[in-house]
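The lines below spell out each chain.
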Amino acid sequence: MCPLAAHLTVSCGRALDSIITPPQEDIPDYNDIMIIALLRELLYIMALPTGWATPEDFAALFQYFWHRDFPMDQMATGAKRTDWTIHIGVVVRNIADLMGLVTRFERGGRKDAVLRSTEGDEVAIEWEWGGVWDNELEKLKHHKVWSKDKGSGRLLKCAVFITYTHTPNIGKVYDHVSEKWEDAPWPLLLILIDLEESRRFSSGKEFKNIHMSVFDSSGRRSLRVAPAFPWNVEGTRWYLQVS
């Protein structure tokens, strides 16, 4: 905590004590009231900790919520495109709750979601069924950050893009994203689900794996790869051994 905040905290505590249990002949003076008001303002605009709401945090939470709230199983395979869109929205909302942030859907130039702290935008998110080939990357790259302090020039913690591709195209997707994300002002977490065409599922797609990578000024960095279907995660309560 900075010296000013520490000093104000001590002063505020004394001031609050005198307000809550004041001697009968005393009332809080003007200086005490102003210290309390200033401390409240200072705490309200304080930024999130440096290691809070990182791309690594989002990736780990996404994987676990993706599996926990999965909208189908091996018997009930009727989830369609709308179900997957809603599923991701639920996952995003749960991640925000655990991070202590609020979720605003269809905000910030029609992003699918924005996660906000008391200070402003922290994470901008898009999810798209059709891959990386439309304008979602440009929307995330040029997101106009809302901030309580209009002149702060603050940046996002990161942007997140959740999408799908056929398994043979993973390399092409990475090349395209690397090109489009060059000179971006913040990191991008790409959550890529690879798939194959299949008549077994109502969506016509059989998901294979979730690939999570961060793109920034140093290039692409792989974070984690996990099975897309929860019943393929060995050792979990969802896992079904195939005989």
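Just above sits the structure.
Residues numbered from 1 in each chain as written. Predicted model: local features only at pLDDT ≥ 70, side-chain atom pairs only at ≥ 80, totals over all residues. Heavy atoms only, no water.

**As for the nonpolar core**
Judged by nonpolar contacts, the single largest core of 37 residues is most densely connected at Phe58, Trp66, Ile125, Ile191 and Phe207. Counting residues per element, the ones that place at least two in this core are helix H3 (55-68), helix H4 (81-99), strand S2 (111-116), strand S3 (121-128), strand S4 (158-166), strand S5 (188-197) and strand S6 (205-216). Looking at this core element by element, the count peaks at 7 residues for H4. Contacts of phenylalanine 207, omitting those with residues within four sequence positions, involve Trp66, Trp84, Trp129, Tyr164, Ile193, Asp194, Leu195, Ala228 and Phe229. (Core = buried A, V, L, I, M, F, W, Y, C linked by side-chain atoms within 4.5 Å. Buried < 20%, exposed > 50% of the residue type's maximum accessible area, 1.4 Å probe, protein only. Helix = DSSP H or I, 4+ residues; strand = E, 2+ residues; numbered from the N terminus. Contact = heavy atoms within 4.5 Å.)

**Remarks on unusual backbone geometry**
The phi angle at alanine 53 is positive, at roughly 60°, despite the residue not being glycine. Here alanine 53 is to be found in the loop between helix H2 (30-44) and H3. A positive phi angle, close to 65°, is found at aspartate 183, a residue other than glycine. As for its position among the elements, aspartate 183 is in the loop between helix H6 (170-180) and S5.

**Examining the environment of tryptophan 181**
Tracing the chain through its elements places tryptophan 181 in the loop between H6 and S5. By relative accessible area, tryptophan 181 is classed as buried at 4%. Residues tryptophan 181 and aspartate 216, 35 residues apart in the sequence, show an inter-C-alpha distance of 7.5 Å. Apart from the residues within four sequence positions on either side, tryptophan 181 is in contact with Leu137, Leu140, Lys141, Ala159, Trp186, Pro187, Leu188 and Phe215.

**Section: the pairing of S3**
A large share of S3 lies buried, amounting to 8 of its 8 residues. Hairpin connection of S2 to S3: 4 residues between the antiparallel strands, including glycine 120 at a positive phi of 155°. Sheet topology places S3 next to S4; 6 bridges connect them, and they run parallel. Paired with alanine 124 across the strands is alanine 159, a residue of S4. (Pairing = 2+ DSSP bridges.)

**So, the layout of surface pockets**
If you add up the space inside the largest pocket, you get close to 190 Å³. In terms of lining residues, the largest pocket is bounded by Ser178, Trp181, Glu182, Asp183, Ala184, Trp186, Pro187, Phe215, Asp216, Ser217, Gly219 and Arg220. Elements supplying a minimum of two residues to the lining of the largest pocket: S6 and strand S7 (219-227). Considering only residue class, the lining of the largest pocket consists of 5 nonpolar, 3 polar and 4 charged. (1 Å grid on protein atoms, 1.4 Å probe; cavity = no way out; pocket = protein on both sides within 12 Å on 5 of 7 lines; lining within 4 Å. Points joined across faces, edges and corners; volume = space filled by probe spheres on them. Nonpolar A, V, L, I, M, F, W, Y, C, P; charged D, E, K, R; others polar.)

Any functional reading would require information beyond the geometric quantities listed.
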